[in-house]
Amino acid sequence: MNFFLDTANLNEIKKYAEMGIVDGITTNPSLIAKESVSLEKRIKEIAEVIDGPISAEVIATDFENMVKEGRRNASWHKNVYVKLPMTPDGLRACKVLTAEGIYTNITLVFSLSQAVMAAKAGATLVSPFVGRLDDISENGMQLIEDIRTVFDNYDFKTKILAASIRHPMHVTEAMKIGADIATMPASVFDQLFKHPLTDIGIKKFLDDWEKVKSIQ
Ligand code: G3P
């Protein structure tokens, strides 16, 4: 199970990378916009910190320009995964870029049929958005389970990247189902570490130690 950080914030990336728990990075136009930085500059900076997949999304929505942007993004670093929207043009671009040996990530996937289309187009990764489905009273995690079943049934090689993760239960459920990757914001990483009994245990050890400190 790979854990990706869903952010374009370099300080966050460095912080969690130092703990050895970040396998890759996903960015999207909204996350880059928050940083007020050029996509190229930030992707190159991230690549200096993380030795793993880094998703860089195209902005174009038409086939020709998606392919052009995809080739450009991929030229920035060998670990760039070109993120393409789940549209007919996005799938066409995915097929072309895949044939050129470029890694791809089909994003904004909200149904099983969309995930299968992405796999058939040769996507390296498919990104179903769990949280945004939950937001509209659909079951995001059920979609992860359905994609896992169908990809296994037909031996699709496309990896399942559970995206739009909102809390630690999304991550633990995704792991149990067998998603290949979960991408999450830093706040969810923090929640994964946290357990009140760990904090209570540390406090108790330190309090007890205080009592015998003078004889050490
Ligand atoms: O990177 C795509 C995805 O993880 C976005 O999540 O929280 O904006 O739905 P969210």
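Below is a summary of the structure that appears in this document. Bear in mind the structure is a predicted one, so any value in this text is a computation, not a measurement.

Details of the sheet that holds strand β5 (residues 103-109)
Here we have eight strands rolled up into a closed barrel, ordered β1-β2-β3-β4-β5-β6-β7-β8, and parallel in their pairing. When strand polarity is set aside, the average angle formed by the axes of neighbouring strands in this sheet is 30°. Bridge count between strand β3 (residues 54-57) and strand β4 (residues 80-85): four bridges; the pairing is parallel. For Ala-56, the partnering residue across the bridge sits in β4 and is Val-82. On top of the sheet, helix α6 (residues 112-120) reaches β5 and β6 (125-128); it is set at about 165° to β5, its chief contact. Where helix α10 (residues 186-193) meets the sheet, its contacts fall on β1 (2-6) and β8 (181-184), and the angle it forms with β1 comes to roughly 135°.

Looking at the site of the ligand
In the vicinity of the ligand, the contacting residues are Asp-6, Asn-28, Lys-83, Phe-129, Arg-132, Ala-163, Ser-164 and Arg-166. Between the ligand and Arg-132, the relevant distance is 2.6 Å, taken from an oxygen atom to a side-chain nitrogen or oxygen of the residue. Contact between the ligand and Ser-164: an oxygen atom at 2.7 Å from a side-chain N or O atom of the residue. In the complex, the protein chains occlude 82% of the 310 Å² of accessible area that the ligand would expose alone. Taken together, the residues of the shell around the ligand sort by class into two nonpolar, two polar and four charged.

Rules behind the numbers
- Residues numbered from 1 in each chain as written.
- Predicted model: local features only at pLDDT ≥ 70, side-chain atom pairs only at ≥ 80, totals over all residues.
- Heavy atoms only, no water.
- Pairing = 2+ DSSP bridges.
- Helix = DSSP H or I, 4+ residues; strand = E, 2+ residues; numbered from the N terminus.
- Axes fitted to C-alpha atoms, helices over the stretch in contact; angles between N-to-C directions.
- Contact = heavy atoms within 4.5 Å.
- Near = heavy atom within 4 Å.
- Polar contact = N/O pair within 3.5 Å; in protein donor to acceptor, adjacent residues only side chain to side chain.
- Areas by Shrake-Rupley, 256 points an atom, 1.4 Å probe, with all protein chains shown as cover.
- Nonpolar A, V, L, I, M, F, W, Y, C, P; charged D, E, K, R; others polar.

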